[in-house]
Amino acid sequence: MDNATHINDFVVKFANVNGSGSASANGLFARAILRMGVPVAARNIFPSNIQGLPTWYEVRVVEDGWRGRRGGVDLMVAMNPQTWEKDVAEVDPGGYLFHDSTKALPPSRFREDITTFGMPLTAICNAEYSDARQRQLFKNIVYLGALSALLNIDPTEVDRLFGEQYKGKETLLASNRRAFGLGRDYALEHFPCPLPIRVQRCDRVGDRIFIDGNSAAALGCVYGGATVAAWYPITPSSSLAETFAKYCRSYRTDPATKQKRYAILQAEDELASIGMVIGAAWNGARAFTATSGPGVSLMQESLGLAYFAEIPVVLFDVQRGSPSTGMPTRTQQADLLSCAYASHGDTKHVLLLPEDPTESFAMAAQSFDLADRLQTPIFVMLDLDIGMQDWLTAPFRWDEMHRMDRGKVMTAADLDAGRDFGRYLDVDGDGIPYRTYPGTHPTKGSYFTRGSTKDRYARYTEEGVAYVDNMQRLLRKFETAKSLVPQPVITKAAKRTKSGVIWFGSTGAAMAESLALLEQDGIHLDRMRLRAFPFADAVGAFIAAHDRVFVVEQNRDAQMKALLVNECGIDPSRLISVLHYDGTPITARFLVREIAEKAHLFNVTPLRKVAP
């Protein structure tokens with residue numbers, strides 16, 4: 001069979017069983033290629049149970065630096081008999097299949113249009129190890145060794161990673177080296193190495209780092225001045241709070257006295273966690289919680305309190321497959337509406353929409369300034385793909401001259417000088433009142449924090465005029481937020497066009513590649529990446545300037561489209577939904593296919609220049 005040669009441009013997918021210990025070996029595979037200077041995009045697709053169900057790890061080796069999933073597989077490492085047929089079917093024609101051949105399979109289980117490499121992994125491990133658990137764990141390292149030979153991965157890079165991982169654990173280091181050598185030697189002896197798809201050392205990684213979005217956001221919380229976190233564990237957000245705790249032990253502990261300058265509480269449930277955060281924020285601390293869709297549902301009433309009492313809290317929503325329990329370990333962008341309008345009554349919340357871990361860090365830090373400035377809850381909308389996957393991303397930047405923006409806070413000196421303090425009094429038309437911290441002054445500046453209706457001086461009232469006055473001020477504040485939140489990124493197509501595309505969040509990883517491929521097919525689209533809600537005026541202007549605008553999102557009900565229609569007064573017929581919601585990260589192939597088909601349907605073509 002003739003196989004095309006693809007150097008630094010292919011997809012390897014590992015099909016394993018959860019709990020088999022494969023995650024460590026698969027991660028070493030991706031990191032070894034990175035150490036050779038070749039960019040990778042890795043995705044872990046795993047079940048929500050602890051052990052026994054199928055799990056997949058997909059590594060895209062891509063020198064061009066695309067960070068999204070391509071779609072399709074060039075080499076399938078099939079280690080799970082339960083998913084064999086599905087895994088084999090996923091390999092592109094002309095691709096490769098690597099499997100454990102200890103137990104022979106009939107020819108009907110294979111495909112004639114792909115090349116198969118069978119290696120008796122179980123037999124090798126049974127002969128080498130007596131302990132059952134060692135046989136299982138080291139089988140992963142054995143196939144890692146075989147892949148290093150097949151794909152031309154430098155074994156010295158794997159050995160360096162072993163040394164880093166098992167530093168001070170010489171027995172484990174030696175045994176992993178032994179297992180790796182067994183696999184590599186077998187492949188070199190029995191298979192044509194390397195394959196036409198292979199890795200070649202280059203220098204395309206640059207200064208980028210390999211990190212997941214939850215860790216990035218947790219570090220952003222430290223830089224943003226957060227000192228209080230309260231949360232209830234829920235996938236896929238738990239690691240954000242856990243990593244924040246780790247960072248606090250390093251950076252929020254006094255080196256001399258060992259005194260902890262932070263408070264982290266694992267609450268009994270989501271209702272308690274948001275209550276703790278609201279209490280801490282009211283008292284002047286920068287506080288946050290991390291949760292996912294079900295947690296947001298439970299926090300609704302408290303979020304309404306924070307909105308109406310105007311308390312600056314931050315909430316990280318790491319979105320997952322929904323509704324109900326849904327798919328806890330799958331990704332979606334399905335919490336937009338539930339967060340934008342969280343709670344009952346007339347309520348609107350600020351949403352930040354990071355694209356990758358770099359923006360997760362930056363927006364996490366920024367969210368606390370925004371919460372203080374606007375005196376309102378701020379949602380940072382991550383998803384599982386950003387939060388729990390390792391991304392090759394730009395290094396984090398921080399302005400050492402940055403100082404926390406605490407917003408409009410009236411001091412004791414201001415009060416002694418006779419300044420008029422009304423907790424809900426708008427003095428300059430931006431909708432944001434002044435507040436005081438508890439204990440600011442012994443006799444002045446106090447007020448009763450309430451979730452019921454009040455006047456400008458926080459006095460309880462049910463008068464309609466006072467209520468309307470307060471609600472209109474909250475709308476003015478939301479309008480002010482438009483100029484403070486991250487602005488959309490707008491880019492013109494290479495050729496003039498009356499069609500555009502809008503996306504947000506982790507979808508951007510696949511969008512970049514799909515737009516380049518669409519241009520090769522003559523489909524040119526102006527593009528806009530949304531970074532926050534409320535929408536800047538430029539969002540409505542962008543849509544108005546185009547006859548048709550594709551809206552790409554990872555949910556069933558076109559929630560972003562609904563927000564655009566509702567908030568910008570857009571004619572829904574101008575917006576063409578491109579929806580992906582099976583729980584896996586969206587791929588470039590899916591986007592190209594969907595947009596191309598819809599572009600043909602709506603006759604989306606570039607504008608032709610008319611000769612003078």
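This structure is a prediction, so every number in the text was calculated from the model and none was measured. For every chain, the first residue of the written sequence is number 1, and numbering continues from 1 onward in sequence order. Given that this is a predicted model, residues contribute local features only at a pLDDT of at least 70 and side-chain atom pairs are listed and counted only at 80 or more, while totals for whole chains, interfaces and linings are drawn from all residues. By convention in this description, side-chain values take in all heavy atoms of the structure and omit both hydrogens and water.

### Observations regarding the overall build of the chain
Now for step 1: Helix and strand labels come from DSSP, where a helix needs a run of H or I of at least four residues and a strand needs a run of E of at least two; each type is numbered from the N terminus. The secondary structure content of the chain amounts to 20 helices and 22 strands.
Now for step 2: Compactness check: the chain gives a C-alpha radius of gyration of 27 Å against a globular reference of 25 Å for 612 residues, within 12% of the reference.
Now for step 3: On the principal axes, the C-alpha backbone points of the chain span a range of 85 × 80 × 40 Å.
Now for step 4: Burial status follows relative accessibility: with a 1.4 Å probe on protein chains alone, a residue under 20% of its type maximum counts as buried, one over 50% as exposed, and anything between as partly exposed. Scored against the burial criterion, the 612 residues of the chain give a buried share of 57%.
Now for step 5: Contacts are assigned to residue pairs that have any heavy atoms within 4.5 Å of one another. At a minimum sequence separation of 6, the contacts of the chain that also span at least 24 residues come to 75%.
Now for step 6: Treating the 68 positive side-chain charges of the chain as one cloud and the 70 negative ones as another, the clouds have centres 2 Å apart. The globule rule used here is 2.2 Å times the number of residues to the 0.38 power, and the radius of gyration it is set against is calculated over C-alpha atoms. The convention is simple: Lys and Arg are positive, Asp and Glu are negative, and His and the chain ends are not counted. To locate a charge, take NZ of a lysine, CZ of an arginine, CG of an aspartate or CD of a glutamate.

### Description of helix 20 (residues 588-601)
Now for step 1: Each helix should span, by expectation, one fewer than its residue count multiplied by 1.5 Å. Between its terminal C-alpha atoms helix 20 stretches 20 Å, which fits the 20 Å expected from 14 residues at 1.5 Å a residue.
Now for step 2: Within helix 20 the residues assigned to the buried category are Ala-588, Phe-590, Leu-591, Val-592, Glu-594, Ile-595 and Ala-599.
Now for step 3: On its buried face, helix 20 sits against helix 17 (508-520), strand 21 (548-553) and strand 22 (575-579).
Now for step 4: Phi turns positive, to about 55°, at Asn-603, one or two residues after helix 20.

### Focus on the side chain of Ser-215
Now for step 1: Counting through the fold element by element, Ser-215 comes out in helix 7 (residues 213-223).
Now for step 2: Once residues within four sequence positions are removed from consideration, Ser-215 is found in contact with Thr-243 and Tyr-247.

### Focus on the sheet that holds strand 22
Now for step 1: Only strands joined by at least two bridges in the DSSP assignment are considered to pair. Taken together, the 5 strands give an open sheet; going across it, the order is 17-19-18-21-22, and neighbouring strands pair in mixed fashion. Looking at which strands have only one partner, the edges of the open sheet turn out to be strand 17 (489-491) and strand 22. Between one strand and the next, the sheet's axes are offset by a mean angle of 20°, whatever the strand orientation.
Now for step 2: Where strand 21 and strand 22 come together, 5 bridges link them in parallel fashion. Bridge pairing in strand 22 links Val-549 to Leu-575.
Now for step 3: Between N-to-C directions, angles cover 0 to 180 degrees, with each direction set by a line fitted to C-alpha atoms, over the stretch in contact for helices. The sheet contacts of helix 17 involve strand 18 (499-504), strand 19 (526-530) and strand 21, and relative to strand 18 the element is tilted by about 160°.
Now for step 4: Of the strands in this sheet, strand 18, strand 19, strand 21 and strand 22 are in contact with helix 19 (residues 559-568), which crosses strand 21 at around 135°.

### Description of the packing of helix 1 (residues 22-35) against helix 5 (residues 155-165)
Helix-helix packing is described using two parameters, namely the angle between the two axes and the distance between the axes.
Now for step 1: Where helix 1 meets helix 5, the axes come as close as 9 Å, and the angle between the chain directions of the two elements is 125°. By the criterion of interaxial angle, the relationship of helix 1 to helix 5 is oblique. The interaxial crossing formed by helix 1 with helix 5 has right-handed handedness. On the side of helix 1, the interface is formed by Ser-24, Leu-28, Arg-31, Ala-32 and Arg-35, while helix 5 contributes Glu-157, Val-158, Arg-160, Leu-161, Phe-162, Glu-164 and Gln-165.
Now for step 2: When its residues are assigned to classes, the contact of helix 1 with helix 5 shows 5 nonpolar, 2 polar and 5 charged. Throughout this description, any angle smaller than 35 degrees is read as roughly parallel, any larger than 145 degrees as roughly antiparallel, any in the 65 to 115 degree range as roughly perpendicular, and the remainder as oblique. Crossing chirality is assigned from the near helix's rotation relative to the far helix, an anticlockwise turn below a right angle marking it left-handed and a clockwise turn marking it right-handed. Amino acids outside the nonpolar list (Ala, Val, Leu, Ile, Met, Phe, Trp, Tyr, Cys, Pro) and the charged list (Asp, Glu, Lys, Arg) are all regarded as polar, and Gly is one of them.

### Things to note about the domain arrangement of the chain
Much of the literature gives interface size as the accessible area that the parts lose upon coming together.
Now for step 1: One can read the domain layout of the chain as domain 1 (6-198), domain 2 (211-393), domain 3 (412-484) and domain 4 (489-601).
Now for step 2: Relative placement of domain 1 and domain 4: their C-alpha centres are 36 Å apart.
Now for step 3: With 11 residues of domain 1 at the contact, the number on the domain 4 side is 11 residues.
Now for step 4: A 1.4 Å probe defines the accessible area here, and the buried area is the portion of it lost by two parts on being joined, summed over both. Overall, the association of domain 1 and domain 4 removes approximately 900 Å² of surface from exposure, summing both partners, and the carbon and sulfur fraction of that is 56%.
Now for step 5: Its largest share of buried area at the contact with domain 4, domain 1 owes to Trp-66, Arg-69 and Arg-70, together 58% of the area lost on that side.
Now for step 6: A carboxyl oxygen of Asp or Glu within 4 Å of a side-chain nitrogen of Lys or Arg is what we treat as a salt bridge. Our enumeration of links across domain 1 and domain 4 arrives at 2 salt bridges. Delimitation of the domains relies on an automatic or database domain assignment.

### Considering the sheet that holds strand 12 (residues 287-291)
Now for step 1: A sheet is described by the order of its strands in space; here 7 strands give the open sequence 11-10-12-13-15-14-20, paired in mixed fashion. For this open sheet the edge positions go to strand 11 (263-266) and strand 20 (532-533), each flanked by a neighbour on one side alone.
Now for step 2: Of the strand pairs in this sheet, strand 14 (residues 350-352) and strand 15 (residues 378-383) are connected by 3 bridges, and their pairing is parallel. Bridged to Leu-352 within strand 15 is Val-380.

### Points about helix 5
Think of an α-helix as turning once every 3.6 residues; residues three or four places apart then point the same way.
Now for step 1: For helix 5, the full list of buried residues reads Glu-157, Val-158, Leu-161 and Phe-162. Buried residues along helix 5 cover an arc of 145° about the axis, so they all sit on one side.
Now for step 2: Here the buried face of helix 5 lies against helix 1, helix 4 (132-150) and helix 6 (170-190). Read the arc as the range of directions from the helix axis to the C-beta atoms.

### Remarks on the state of the cysteines
Simply put, the disulfide is a covalent bond whose two ends are the sulfur atoms of two cysteines.
Now for step 1: Pairs of cysteine sulfur atoms within 2.5 Å are what we label disulfides. On inspection of all chains with the given rule, the structure shows 0 disulfides.
Now for step 2: In this structure Cys-193 is not part of a disulfide, and its nearest cysteine sulfur, from Cys-125, lies 18 Å away.
Now for step 3: Judged by relative accessible area, which is 27%, Cys-193 ranks as partly exposed.
Now for step 4: Among the cysteines around Cys-568, which has no disulfide bond, Cys-339 carries the closest sulfur, lying 18 Å off.
Now for step 5: Cys-568 gets classed as partly exposed once you look at its relative accessible area, which sits at 26%.

### So, the nonpolar core
Now for step 1: Nine residue types can take part in a nonpolar core, namely buried Ala, Val, Leu, Ile, Met, Phe, Trp, Tyr and Cys, and a core is a set of them joined through side-chain atoms within 4.5 Å. The biggest cluster of nonpolar side chains holds 82 residues, and the ones touching the most others in it are Phe-288, Phe-316, Leu-530, Met-560 and Leu-564.
Now for step 2: When residues in this core are grouped by element, the largest group, 7 residues, is from helix 13 (residues 357-374).
Now for step 3: Excluding residues that lie within four positions of it along the chain, Leu-564 makes contacts with Ile-502, Leu-530, Phe-535, Val-539, Ile-543, Val-551, Gly-569, Ile-570 and Leu-575.
Now for step 4: In this structure, Ala-25, Leu-161, Phe-180 and Val-205 belong to the second largest nonpolar core, which totals 56 residues.

### Description of the packing of helix 5 against helix 6
Now for step 1: Where helix 5 contacts helix 6, the two axes come as close as 10 Å, and the packing angle between them is 160°. The angle between helix 5 and helix 6 places the two elements in the roughly antiparallel class. Considering how the two elements wind past one another, helix 5 and helix 6 form a crossing that is right-handed. Taking contact as the criterion, the partners of Pro-155, Val-158, Asp-159, Phe-162 and Gly-163 in helix 5 are, on helix 6, Leu-173, Asn-176, Arg-177, Phe-180 and Arg-184.
Now for step 2: Looking at the contact of helix 5 with helix 6, its residues break down into 5 nonpolar, 2 polar and 3 charged.

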